[in-house]
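# Geometric and topological summary
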Amino acid sequence: MKQLLIYISLIIVPDVIAHRGYSGKYPENTLISYEEALRANTTALEGDIRLSKDGEVVIMHDLTLQRTSTGNGAVFDHNWVGYIDGLFTKTEPPQPIPRLKDVFDILIRPDVVAKNTYMIVDIKFDNQLEILDAVQVLLEEYKAHTSLRKQLVFGIWDLRFLERAKQLFIGYQLCFIGLSLGAARKHFLHELDNISLPYAALVDQEGQDFIKEAHSLGKRVFCWTINNIEQMHQCVAWGLDGVIGDNVDTLIENVRTTVNAMSPEEFEKYVEASNNLMGKRSRLYYYIIKKSMSLISWKFIGI
Ligand SMILES: *[C@@H]1O[C@H](CO)[C@@H](O)[C@H](O)[C@H]1NC(C)=O
Ligand SMILES: CC(=O)N[C@H]1CO[C@H](CO)[C@@H](O)[C@@H]1O
């Protein structure tokens, strides 16, 4: 019995976090992609924000509008009213571009609150710092909805945003999102609640040690962007707390349903098998990606 308890404490069923909503099936970062992710029983949502010229916080991944929408140019060069509010996604079925407050309206719905659904709001480092003030105004507007304090997790990439977010988002969770394990350890591991890193940053021994270190400090670690089934299994085997990906149903099947059905012994075998999955070529491949990401982080984010 004692042995059984020890085993059980080692099985972590990761949160399924819908990357830009259910973006594998629906236009990314739209209300339909969030609603469908919720309908599929995702644990959490993830989405990106940008600031429009007239100060509206818009849900959009890129700095510019043209990849995903019928618009053109940078989000901050256009007003929400009269321009962005009339755009649609290029991906079918055509959807309007939502604002962060539209997503808040989903999060505060009783059925969503009841499931403890949270959302990682990714605030990319190439935003203007003022976006944080605009978000704070929105939080003030929604402050009667106290569930949002538990539901919102603000994703921070760099030190300027960290300083300002700590002043503005008191009582809300902050999560580091980044490319470099070194930067995560040096600047953020002790500062923030949670850490979100790409697969390639966590795949080697240093990454595995980092996960253990984060856990020993009581922090949770999330990993992106996981769309490959082998990688889903690896994430489970590493004891990750959340897996961020585009295909919610596939994620749920592979990181939740199958794991929940395992006995402790089966789980142990599964972890062993996962540890032997990666060949020498994959290791080299991820080594190169990891080095490149550290360089990009240094060059563009300054950490
Ligand atoms: C989501 O979970 C609910 C409650 O556990 C269940 O009734 C429903 O069938 C699930 N939906 C899907 C798509 O699996
Ligand atoms: C969304 C999420 O997992 N939040 C967690 C971040 O980390 C703290 C502990 O540092 C947890 O309490 C939160 O639940």
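Sequence positions are assigned chain by chain, starting from 1 and proceeding in written order. All chains are assigned letters beginning at A, and all ligands numbers beginning at 1, according to the order in which they are written. Owing to the predicted nature of the model, reporting of local features is limited to residues with pLDDT of at least 70; listing and counting of side-chain atom pairs is limited to 80 or more, with chain, interface and lining totals taken over all residues. As a rule here, side-chain values come from all non-hydrogen atoms in the structure, and water together with hydrogens is ignored.

This brings us to the UniProt feature "domain: GP-PDE" (unreviewed entry) in the protein chain. UniProt positions are given in the numbering used here, feature names are shortened, and annotations may be inferred rather than shown by experiment. Look at the UniProt record and you will see "domain: GP-PDE" (unreviewed entry) annotated at residues 14–255. Secondary structure across residues 14–255 comprises 37% helix and 19% strand; the distance between its end C-alpha atoms is 6 Å. The helix and strand labels rest on DSSP assignments: H or I over at least four residues marks a helix, E over at least two residues marks a strand, and numbering proceeds from the N terminus.

Below, the discussion takes up the site of ligand 2. Near residues are defined by distance, with any heavy atom within 4 Å of the molecule or strand qualifying the residue. All residues adjacent to ligand 2 are Y118, V153, Q173, D193, N194, G218, R220 and F222. In isolation ligand 2 offers 360 Å² of accessible surface; the protein chains occlude 68% of this area. Charged means Asp, Glu, Lys or Arg here, nonpolar means Ala, Val, Leu, Ile, Met, Phe, Trp, Tyr, Cys or Pro, and polar covers whatever is left, Gly included. A class-by-class count of the residues in the shell around ligand 2 yields three nonpolar, three polar and two charged. A 1.4 Å probe and the Shrake-Rupley method give the accessible areas. Residues count as covered only by the protein chains that appear here.

What follows concerns the packing of helix α5 (residues 130–141) against helix α7 (residues 159–168). Packed helix pairs are characterised by how far apart their axes lie and by the angle those axes make with each other. Each axis is a line fitted through C-alpha atoms, and for a helix only the stretch in contact is used; angles between axes span 0 to 180 degrees, taken between their N-to-C directions. Where α5 meets α7, the axes come as close as 10 Å, and the angle between the chain directions of the two elements is 20 degrees. Considering their axes alone, α5 and α7 lie roughly parallel with respect to each other. As for the relative orientation of α5 and α7, their crossing is right-handed in sense. From α5, I131, L132, D133 and Q136 reach across to α7, where they touch F161, R164, A165 and L168. An angle counts as roughly parallel when it lies under 35 degrees, as roughly antiparallel when it exceeds 145, as roughly perpendicular when it falls between 65 and 115, and as oblique in every other case. The handedness criterion is simple: a crossing whose near helix is rotated anticlockwise from the far helix by less than a right angle is left-handed, and one whose near helix is rotated clockwise is right-handed. In what follows, a contact means two residues having at least one pair of non-hydrogen atoms within 4.5 Å.

Across the five residues that make up strand β7 (residues 194–198), a large majority, five, are buried. Relative accessibility thresholds used throughout: buried, under 20% of the residue-type maximum; exposed, over 50%; partly exposed, between the two (1.4 Å probe, protein chains only). Neither face of β7 is left uncovered, since the one carrying N194, S196 and P198 and the one carrying I195 and L197 both have all their residues buried. Note that strand β6 (residues 173–177) and β7 share three bridges and pair parallel. The residue of β7 that forms the bridge with F176 is I195. For a crossover, the right-handed case is the one in which the path from the first strand over the helix to the second runs clockwise, viewed with the strands pointing away from the viewer. For the segment spanning β6, helix α8 (residues 181–188) and β7, crossover handedness is right-handed. What makes two strands pair is DSSP finding at least two bridges between them. With five bridges connecting them, β7 and strand β8 (residues 220–224) associate as parallel partners. The residue of β8 that forms the bridge with I195 is V221.

Attention now moves to the environment of L138. Among the secondary structure elements, L138 is positioned in helix α5. By relative accessible area, L138 is classed as buried at 7%. As a C-alpha pair, L138 and D54 span 84 residues in sequence and 14 Å in three-dimensional space. Contact partners of L138, with chain neighbours within four places excluded, come to L100, K101 and F104.

With that settled, consider the state of the cysteines. When the sulfur atoms of two cysteines share a covalent bond, that bond is a disulfide. Our working definition of a disulfide is a cysteine sulfur pair at a distance within 2.5 Å. Scanning the model with the defined rule gives zero disulfides in all. Left without a disulfide partner, C223 is nearest to the cysteine sulfur of C235, which lies 4.1 Å away.

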